[in-house]
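Okay, here's what each chain looks like letter by letter:
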Amino acid sequence: MSSFFQWLAGIPPLAQIPLILVAFTALVAVVLVFVEFAPRRGLQYTIIRLAVCVVVPVVVLMAFGLYNSVIWVAAIAAVLGGGLFLLDYRSKRGAGYSLQLIAFMTPAVFFLIIGLIYPTITTAGQAFMKNDGSGFAGLDNFVWVFTSPDGLTAFGNTLIWVLLAPITATAIGLAYAVFIDKSRGEKFLKLLVFMPMAISFVGASIIFKFFYDIRQGDQIGLLNGILVAFGGQPVDWLGLEPWNTLLLVIVLIWTQAGFAMTVLSAAIKGVPAEQLEAASLDGTNGFQAFRHITVPGIRTTIIVVLTTISIASLKVYDIVSAMTGGRNDTTILAFEMVRQFQLGSRTGYSSALAVILFVLVLPIVIYNARQIQKQREIR
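Residues numbered from 1 in each chain as written. Predicted model: local features only at pLDDT ≥ 70, side-chain atom pairs only at ≥ 80, totals over all residues. Heavy atoms only, no water.

Structural notes on the packing of helix α7 (residues 149-180) against helix α16 (residues 333-343)
Contact geometry for α7 and α16: axes closest at 8 Å, N-to-C directions at 150 degrees. In terms of their interaxial angle, α7 and α16 are classed as roughly antiparallel. Along its contact with α7, which presents D150, A154, F155 and T158, the element α16 presents L333, E336, R339 and Q340. Looking at side-chain class alone, the contact of α7 with α16 contains three nonpolar, two polar and three charged residues. (Axes fitted to C-alpha atoms, helices over the stretch in contact; angles between N-to-C directions. Helix = DSSP H or I, 4+ residues; strand = E, 2+ residues; numbered from the N terminus. Parallel < 35°, antiparallel > 145°, perpendicular 65-115°, else oblique. Contact = heavy atoms within 4.5 Å. Nonpolar A, V, L, I, M, F, W, Y, C, P; charged D, E, K, R; others polar.)

A few points about a nonpolar patch on the surface
On the surface, M105, V109, F110, F111, L112, I113, I114, L116, I117, Y118 and I121 cluster together into a nonpolar patch covering about 1100 Å² of accessible area. Residue position: L112 is located in helix α5 (residues 97-126). (Patch = residues over 30% accessible without salt bridge, like charges linked within 9 Å, V, L, I, M, F, W, Y side chains within 5 Å. Areas by Shrake-Rupley, 256 points an atom, 1.4 Å probe, with all protein chains shown as cover. Salt bridge = Lys/Arg side-chain N within 4 Å of Asp/Glu carboxyl O.)

Side note on unusual backbone geometry
Of the consecutive residues E241 and P242, the connecting peptide bond is found in the cis state with omega at -10 degrees. Secondary-structure assignment places P242 in the loop between α10 (222-229) and α11 (243-269). At N328, a position not held by glycine, the phi torsion is positive, near 55 degrees. Mapped onto the secondary structure, N328 falls in the loop between α15 (318-323) and α16.

Description of α16
The set of residues buried in α16 consists of L333, A334, F335, E336 and Q340. Just downstream of α16, G344 is the residue with a positive phi angle, here 90 degrees. (Buried < 20%, exposed > 50% of the residue type's maximum accessible area, 1.4 Å probe, protein only.)

Remarks on the packing of aromatic side chains
Across all of its chains, the model carries nine aromatic pairs by this definition. Where F146 meets F155, the ring centres are 5.2 Å apart and the plane angle is 70 degrees; that geometry is what we call edge-to-face. Centre to centre, the rings of F208 and W254 are 5.2 Å apart; their planes meet at 65 degrees, and the pair counts as edge-to-face. Of this pair, F208 sits in helix α9 (residues 201-211) while W254 is found in helix α11, placing the two residues 46 residues apart along the sequence. Using a relative accessible area of 11% as the deciding quantity, one classes F208 as buried. The class for W254 is partly exposed, based on a relative accessible area of 33%. One aromatic cluster is present, built from ring pairs that chain together F208, F211, Y212 and W254. (Phe/Tyr/Trp six-rings, centres within 6.5 Å; stacked < 30°, edge-to-face > 60°.)

Shown next, in the form of structure tokens:
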């Protein structure tokens, strides 16, 4: 695999694009073939499924150059793949449902334990220990969060993110979805707003960093370029406290407004047209119909969008790291948690910040889950 990438890097860039597209298409085609053959009955399809369970792990390891472990992996794949295959075969005959459920759920539960539950318990324990792990510290780490300048700044800025980003992004997405609903060129207009969703937070941060950029001499940043063009002086926007935090929040709003618009637009199209027509016959204007019919009809969707963006606001790290590095009082809980850990001998502080972040996210997740459950019960 490494030799393939080395060869690919040696050819002209324009020639790389079609090769990558061909490789990606071939991979998708193989996956679709497996998906197509998986549910079919017959001895030949049974052999194909069994071969896939064993051969695919071996081929993947060989592609990455792990030749020394191929034999062991082939043996493990044969045992596990064959075992799961037999369980699936028995279940189709109406036998072994409980054993099949346990077998297929065990890998997911195992990774859930080592990837989520165990780290959560360990982090919660470290939050009550001293930074060097030498003994019990009680609530000292949490006291530090709410008394130190770094902790207070991170907590305060996080509240600003959570209050501004979800409400603003949802409002923009809802307004845009309503304005373009059933309009000419609706798909194209949706695409324009949804495109930022395809950009990572780091990519969006780099774009806006150029937007806010300040330089000596010619200004390449758009904002400072406009100021200088009208005779003003360039401004260090990312160092302008406390407005720099709001300028960072704009990046998240820009990326999440498309998500809000897409989800809310789908919900708006689900509002019964009969209700809107009846309201129109009763003499209600567009705003009244929107307020009394559309909004109540998509209330659950609005809540889901708000809570989803709220969770994204609480765990934002990339934007702050890429744009300011937490300087000029722009740090937030997620970024400060990582920074304290990287400083060394501050695992207690870092774990306390993680626990606070978890406590803030948990009610939103629970509320969101309950709303989805109520919606299912109504259906």
